[in-house]
Every structure is written in structure tokens, then in C-alpha cells.
Amino acid sequence: MGYVNCARCKRDCARADGSFGYTFCDDYVGASKTNGEYLQELNDEEKAHLLTWVFYQAAQQSNAEHYILEWLKKPVVVFNEKAD
């Protein structure tokens, strides 16, 4: 169960009008976008936090550049979305 923004959900449910804002939900279906696309939507602080994690993971791989490129192409997985 994640804390998600109903307005961003693609599922048609009782909360589909988006008026619920952020809530805990097991059925959240986010948009299919890549990590690269998601990165463009973040503010500078969020980018810095995320890229620190990505670069740390990449530094532990034999080919860091390839790891980062593949990560940018992967679909986004949001574990805990912060409120706006």
C-alpha cells in the first residue's frame, strides 16, 4: 500500500474524480513513463536526491554508464510519493 495522489491514477474507481487528493491505496495505477521522463518532472532538490542514489548504484557496477542508460529507459516505480 502506498501513499499516492488519486488525481494521477489511471484506475477507474470510486475516487476517480481526483477529489480525494493523497491517500493510501492498494490499487493505484500510475502512468507508464520512463525514469528519464520522470526525472524531467522533478524539482532540483528531488533530482539531486534521486541522482545521488542512481550514481551510487552505478558506481558499484562494472559499466556505470551502461547501468545509468538502462535505468533511464526503465519504467518508473514509485514506492512513496510525497505530497505537493
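Provided above is the structure to which this section pertains.
Residues numbered from 1 in each chain as written. Predicted model: local features only at pLDDT ≥ 70, side-chain atom pairs only at ≥ 80, totals over all residues. Heavy atoms only, no water.

**Student:** Describe the pattern of salt bridges, naming the residues involved and giving the relevant values.
**Tutor:** Counted by the stated rule, this structure contains 1 salt bridge. With its nearest N and O atoms 3.8 Å apart, the salt bridge here joins K73 to E70. A residue pair is termed a helical-turn pair when its members lie 3 or 4 positions apart in one helix, as K73 and E70 do in helix α3 (residues 64-73) at 3 residues. Taking the relative accessible area as the measure of exposure, K73 reaches 52% and is therefore exposed. Since its relative accessible area comes to 31%, E70 is described here as partly exposed. (Salt bridge = Lys/Arg side-chain N within 4 Å of Asp/Glu carboxyl O. Helix = DSSP H or I, 4+ residues; strand = E, 2+ residues; numbered from the N terminus. Buried < 20%, exposed > 50% of the residue type's maximum accessible area, 1.4 Å probe, protein only.)

**Student:** So, the nonpolar core: which residues are in play, and what are the values?
**Tutor:** L39, L42, L50, V54 and W71 form the largest nonpolar core, which has 5 residues in total. Setting aside anything within four residues of it in sequence, one finds V54 in contact with Y67, I68 and W71. (Core = buried A, V, L, I, M, F, W, Y, C linked by side-chain atoms within 4.5 Å. Contact = heavy atoms within 4.5 Å.)

**Student:** An account of the environment of W53 is needed here, citing residue identities and associated values.
**Tutor:** Examined against the element boundaries, W53 turns out to sit in helix α2 (residues 44-59). W53 gets classed as partly exposed once you look at its relative accessible area, which sits at 44%. Every residue in contact with W53, bar those within four places of it in the chain, is listed here: Y67 and W71.

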